[in-house]
Amino acid sequence: PEDPIQDHRPRLLIMGQRRSGKSSIQKVVFHKMPANETLFLEIWDFPGQINYFDSAYDSNMIFGDYGALIFVIDAQDDYIEALNRLHHTVTRAYKVNPDLSFEVFIHKVDALSDEYKIDTQRDIQQRITDELADYDMEHVHLNFYLTSIYDHSIFEAFSKVIQKLIPQLPTLENLLNILCANSGIEKAFLFDVNSKIYIATDSSPVDMQSYEICSDMIDVIVDISEIYGRTNSYRDDFDQSQTDTNGHTGDYGTTTETANDTSSLIKLNNGMILCLRGVNRFLALVCLLRSDNFEKHGLIDYNFQCFKEAIADVFELKRRNAERMKHERMG
Ligand code: GDP
């Protein structure tokens, strides 16, 4: 019997040729936990021993269920064959599930110069667009990302992919915008702590440097609290959740019962403050603000508390809807 909540978690399929980097990506992004604890994630070698489009395989079953298909292309290798596969996959999958989002990771770009990166992306994008146009499929939209496991780009790309699959995203963004505006915060990210994927951010533009420093703060705090923290460090909370008897393991919405009061502050030498607040078992808010704005930290604390309650409401609502749907289905 499937858990209705797990049923509604975003499903991802990662495809790409052998050695393109799929398992490395999974290891880097989800090293803190098994991937199937946060997201329903599957990895398929392509081509492998099986031809997925063989009539023996039901392509409805393959593509009908997923929210996104990530296609990994090794940018350091000759990618012509990979592009053929991509084109073939997209045309087949689109027919089965036109709502599927197609995400192309142009991967292993760490060895390429900036100029060469841009050229490679342009070349890949051009070729695939032309191919699709030849088959009257120019309306199918593909998203491209330059990724490497050796920097933050893989997290950034994953965050963007996941965000599209989170139905509460507009609400979360709105809440973050309100929090930022009322507290003098320049940038705020809501992170899934275990994967370091941010599931939402306020609508001001993301610059890579702010993202990297906020993401590094997660590592620092999680490591420190694992070693020195009290029992409600993230990892302990997560361990608890695995034995959670109500079966909601791994869902953001199970968290209302356990408050997470992790809180940390780092003053940067450029006059900014980096601030982390635990939201619940899985989520943490990390923000950047000017230190003069932090003088009103009573106000910020208050606003943050409101934010936390609003987040709890958002996911509680989701949980109740899922339960209602389950009851309706059962009769
Ligand atoms: P898979 O067969 O698609 O799962 O590919 P693997 O994850 O086994 O990766 C194949 C090889 O590519 C390994 O030697 C990895 O170390 C290497 N690799 C994976 N990601 C990157 C990356 O971002 N940059 C570089 N330079 N090498 C990578």
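Each chain has its residues counted from 1, running along the sequence as written. For this predicted model, a pLDDT threshold of at least 70 governs which residues receive local features, and a threshold of 80 or more governs which side-chain atom pairs are given and counted, while totals over whole chains, interfaces and linings are taken from all residues. Heavy atoms from the whole structure form the basis of all side-chain values; hydrogens and water molecules are not counted.

Caption draft 1: Examining the overall build of the protein chain more closely. Secondary structure elements follow DSSP: runs of H or I of four or more residues count as helices, runs of E of two or more count as strands, with numbering from the N terminus. Along the protein chain, the regular secondary structure elements total 11 helices and 10 strands. The 331 residues of the protein chain split such that 52% are buried. A contact between two residues is defined here by any heavy atoms of the two lying within 4.5 Å. A separation of at least 24 residues holds for 72% of the contacts in the protein chain among residues at least 6 apart in sequence. Accessible surface is estimated by sampling points in the Shrake-Rupley manner with a 1.4 Å probe; for residues, cover comes only from the protein chains shown. Working note: accessible area of the protein chain is about 16000 Å², and carbon and sulfur atoms make up 49% of it. Think of it in three bands: with a 1.4 Å probe and only protein chains considered, a residue is buried below 20% of the maximum accessible area for its type, exposed above 50%, and partly exposed in between.

Caption draft 2: Structural view of the sheet that holds strand β10 (residues 283-290). For two strands to be treated as a pair, DSSP must find at least two bridges joining them. If you walk across this open sheet you meet the 5 strands as β7-β6-β10-β9-β8, and the pairing is antiparallel. Both outer strands of the open sheet, β7 (197-201) and β8 (263-267), are each paired with one neighbouring strand and no more. Looking at each pair of strands side by side, their axes are set apart by 25 degrees on average, direction ignored. Across 4 bridges, the pairing between strand β6 (residues 185-192) and β7 is antiparallel. Counterpart to F189 in the pairing with β7 is T201. Axis definition: a line fit to C-alpha positions, over the contact stretch in the case of helices; interaxial angles, taken between N-to-C directions, run 0 to 180 degrees.

Caption draft 3: Structural context of the packing of helix α5 (residues 80-96) against helix α6 (residues 114-134). Contact pair α5 / α6: the axes reach a minimum separation of 10 Å and the direction vectors enclose 45 degrees. As judged from the angle between their axes, α5 and α6 are oblique. With respect to the hand of their crossing, α5 and α6 are arranged in right-handed fashion. Facing I80, L83, N84, L86, H87, V90 and T91 of α5, the residues of α6 in contact are I124, R127, I128, E131 and L132. For this classification, the nonpolar set comprises Ala, Val, Leu, Ile, Met, Phe, Trp, Tyr, Cys and Pro, the charged set comprises Asp, Glu, Lys and Arg, and every other residue, Gly included, is treated as polar. The residue makeup of the contact of α5 with α6, split by class, is 7 nonpolar, 3 polar and 2 charged. Just so you know how the angles are binned, under 35 degrees is roughly parallel, over 145 roughly antiparallel, 65 to 115 roughly perpendicular, and the rest oblique. Working rule for handedness: look at the near helix, and if it is turned counterclockwise from the far one by less than a right angle, call the crossing left-handed; if clockwise, right-handed.

Caption draft 4: Fine view of the site of the ligand. If you check the shell around the ligand, you find 15 residues, and the closest are R19, K22, S23, S24 and D110. Here a polar contact is recorded for every N or O atom pair within 3.5 Å, except that within protein the pair must consist of a potential hydrogen donor and a potential acceptor, and residues adjacent in sequence are included only if both atoms are side-chain atoms. G21 is positioned with one of its backbone polar atoms (N or O) 3.0 Å from an oxygen atom of the ligand. The separation between an oxygen atom of the ligand and a polar side-chain atom of K108 is 2.9 Å. For the ligand, the accessible surface in isolation is 580 Å², of which the surrounding protein chains cover 78%. Looking at the shell around the ligand, the element that brings in the most residues is helix α2 (residues 22-29), giving 3 residues. The residue makeup of the shell around the ligand, split by class, is 2 nonpolar, 8 polar and 5 charged. A cutoff of 4 Å decides nearness: a residue is near a molecule or strand if any of its heavy atoms lies inside that distance of it.

Caption draft 5: The pattern of salt bridges, seen in detail. What makes a salt bridge here is a side-chain nitrogen of Lys or Arg within 4 Å of a carboxyl oxygen of Asp or Glu, nothing more. Tallying each qualifying case throughout the model produces 11 salt bridges. A salt bridge links E186 to R290, with the shortest nitrogen-to-oxygen separation between them at 3.3 Å. Taken together, the positions of E186 in strand β6 and R290 in strand β10 put the pair 104 residues apart, joining distant regions of the chain. Judged by its relative accessible area of 36%, E186 is partly exposed. Classification of R290 by relative accessible area gives partly exposed; the value is 39%. Here D301 and R277 are joined by a salt bridge, their closest N and O atoms 2.7 Å apart. Of this pair, D301 sits in helix α11 (residues 297-330) while R277 sits in strand β9 (residues 272-278), and the two are 24 residues apart along the sequence.

Caption draft 6: View of the packing of α2 against helix α7 (residues 153-164). As a packed pair, α2 and α7 sit with axes 10 Å apart at the nearest point and diverge in direction by 85 degrees. Taken together, the axes of α2 and α7 lie roughly perpendicular to each other. Taking contact as the criterion, the partners of I25, V28 and V29 in α2 are, on α7, I154, F155 and F158. Its residues placed into classes, the contact of α2 with α7 shows 6 nonpolar, no polar and no charged.

So yeah, pure geometry; function would need other evidence.
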